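Fold and geometry: a report
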Amino acid sequence: MGERRQLASKSALIFVVRIGGAGVIFLAQAMIARLWGAAQLGEYLLAIAAANLMAIALPLGFQTIGAFFAAEYKAKQDGATLSRFAVLAYGMAIFPGLALLYIVGQLIHLIGPAGTLLQSIWPTIAMMAFGTAIVNLNGAILVGLKKPFFGLFADTIFRPLFIVLGILIVAFIGVEDDRVGALIWWVAIFYLGLATLHFFVTIHAIRALPRETEMPQREFNRWWFYALPWIIVALSSDFFFDIDLLLLSSLLDKEQIAIFGVCARMFVLASFGIIAIGAVVSPDLLDAEEKQDVAALEAKIGDANLVGTGLAVVLTVGVMIFSPIVFYFFGPAFNQGVIPLTILCSALIARAAFGPGAVILSSRKKPYASLPAILLGLLVLLAANFVLVPLFGLVGAATAAAISFITGAGAIWFTTWRLTGLNVSIAPALKKYLVRDAKS
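Residues numbered from 1 in each chain as written. Predicted model: local features only at pLDDT ≥ 70, side-chain atom pairs only at ≥ 80, totals over all residues. Heavy atoms only, no water.

- The name that an unreviewed UniProt entry assigns to the protein chain is Polysaccharide biosynthesis C-terminal domain-containing protein, with the source organism given as Maritalea mediterranea.
- Comment text from UniProt for the protein chain, heading Subcellular location (unreviewed entry), reads "Cell membrane". (UniProt positions renumbered as here; feature names shortened; annotations may be inferred.)

Right under this line is the structure:
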């Protein structure tokens, strides 16, 4: 019970700080909508979506597994191997990462009008993407080293402040044309400086581990074995709405993109409570797997699911009550977002209840097993968008996203249960809790 309280308190602290950062993000987006109009906010959200997607691609998946291997090497007190992992990860972001940025910049116009817009400001998007990739790598390694606050707060606190500062600078110097490009350029400059400082904090944490052991054989191949599938895992989870916004760019106008983008940001804020729980508990899950302690593993999964699902229910109710107040600051047109946001948040409960299947599959050396479920979710999103959005607009977009979320999470849970025999959903913990409560 004490560990559950500790998990909840750490997760709550991370979540509270995230709320503060998200509040600043909302302020920045509201400023753009009020000062420059909803259409400009739509352009900004598309540009940020492109930068985020490129950031996940640059290190070729190494930032998605950084926490996994950092936690393992910390448990083994193997700083030498973690150092080699870090050298390769940062190297991937430089090359072929920068080459990938250039190639995509030459081809992005092929996706349509949104691509033409993005190509016109691609150099600034590329700068933002590279800085974000480095911060993501830093954060993943620090989370694995059980420093989640250092790992998560660079993006949580400083990035929102940089965006507000960028808006103020653009407004102060009187930019009339290409305001979005100018804003992202300033944010990218600030973020690259932050990435550099964050990098040195990460290197210091890595060097604090003992370096006496030698790197195990075939460890290099093992990194790639996990990294490549986790690109898709991360894209379908952490960057789900960035993909969705680009898909919707041909189905909704810029004002509707702006409204849906704000809904997505509020949903991501709510879901960060679940992510925070995962950040705290993942190293312990991997440690239990490494020691083959099934009882400890099941207990950790149960605690995480109970806390996560309970938090998801509270957050969904809170969003339903308070979202109209938030939308008020963006302007009258954004009141259309209340129903779509409620639909989105209802899927958060199912996502939390299905449990950390992808993490367990990777720890059981089956990272590729989750790919069919993830691709199923993305295919459902694509099909549901083209069926529901023309009929129902923003409500259709939210419904499509919710269906995709639930389908993907359920499919990963089923895959985990079928391959490992482990039920990672909330059901075992809930049953155990109810039986114990009945006996008492």
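**Quick look at the pattern of salt bridges**
- Applying the stated rule across the entire model yields six salt bridges.
- In this structure, Glu176 and Arg179 form a salt bridge, with 3.1 Å as the shortest nitrogen-oxygen distance.
- Between Arg222 and Glu219 there is a salt bridge whose closest N-O contact spans 2.7 Å. Taken together, the positions of Arg222 and Glu219, both in helix α10 (residues 219–237) and three residues apart, correspond to about one turn of that helix. Glu219 carries the same exposure label as Arg222, and that label is buried.
- Each of Glu72, Lys76, Glu219 and Arg222 takes part in a single network of salt bridges with overlapping partners. (Salt bridge = Lys/Arg side-chain N within 4 Å of Asp/Glu carboxyl O. Helix = DSSP H or I, 4+ residues; strand = E, 2+ residues; numbered from the N terminus. Buried < 20%, exposed > 50% of the residue type's maximum accessible area, 1.4 Å probe, protein only.)

**Focus: the packing of helix α2 (residues 38–57) against helix α7 (residues 122–144)**
- Axis separation between α2 and α7 bottoms out at 8 Å; the angle between their running directions is 50°. One element, α2, and the other, α7, form an angle in the oblique class. In the crossing of α2 with α7, the sense of the turn from one axis to the other is right-handed. Counting all contacts with α2, which are made through Ala47, Ala50, Ala51, Asn52, Met54 and Ala55, the residues of α7 involved are Trp122, Ile125, Met128, Ala129, Thr132, Ala133 and Asn136.
- Of the residues assigned to the contact of α2 with α7, the class counts are 10 nonpolar, three polar and no charged. (Axes fitted to C-alpha atoms, helices over the stretch in contact; angles between N-to-C directions. Parallel < 35°, antiparallel > 145°, perpendicular 65-115°, else oblique. Left-handed = near helix turned anticlockwise from the far one by under 90°. Contact = heavy atoms within 4.5 Å. Nonpolar A, V, L, I, M, F, W, Y, C, P; charged D, E, K, R; others polar.)

**Things to note about a nonpolar patch on the surface**
- On the surface, Val313, Val317, Met320, Ile321, Phe322, Ile325, Tyr328 and Phe329 cluster together to form a nonpolar patch covering roughly 830 Å² of accessible area.
- Relative to the helices and strands, Phe329 is located in the loop between α13 (294–328) and α14 (338–354). (Patch = residues over 30% accessible without salt bridge, like charges linked within 9 Å, V, L, I, M, F, W, Y side chains within 5 Å. Areas by Shrake-Rupley, 256 points an atom, 1.4 Å probe, with all protein chains shown as cover.)

**Some details on the nonpolar core**
- Leu41, Tyr44, Phe62, Phe241 and Phe334 are the most contacted members of the largest nonpolar core, which has 120 residues in total.
- With six residues, the next largest nonpolar core counts Leu285, Leu297, Ile360 and Val424 among its residues. (Core = buried A, V, L, I, M, F, W, Y, C linked by side-chain atoms within 4.5 Å.)

**Re the side chain of Thr309**
- You can see Thr309 is positioned in helix α13.
- Take Thr309: its relative accessible area is 11%, and that puts it in the buried class.
- At a separation of 2.8 Å, a polar atom in the side chain of Thr309 contacts the main-chain carbonyl oxygen of Asn305.
- The contact partners of Thr309, leaving out residues within four places of it in the chain, are Ile349, Ala352, Ala353 and Ile426. (Polar contact = N/O pair within 3.5 Å; in protein donor to acceptor, adjacent residues only side chain to side chain.)

**Things to note about the packing of helix α3 (residues 62–76) against helix α4 (residues 79–94)**
- At a closest axis distance of 10 Å, the pairing of α3 and α4 adopts a crossing angle of 175°. If you check the angle between α3 and α4, you find them roughly antiparallel. Where α3 approaches α4, its residues Phe62, Ile65, Gly66, Phe69, Ala70 and Tyr73 are matched on the opposing element by Thr81, Leu82, Phe85, Leu88, Ala89 and Met92.
- By residue class, the composition of the contact of α3 with α4 is 10 nonpolar, two polar and no charged.

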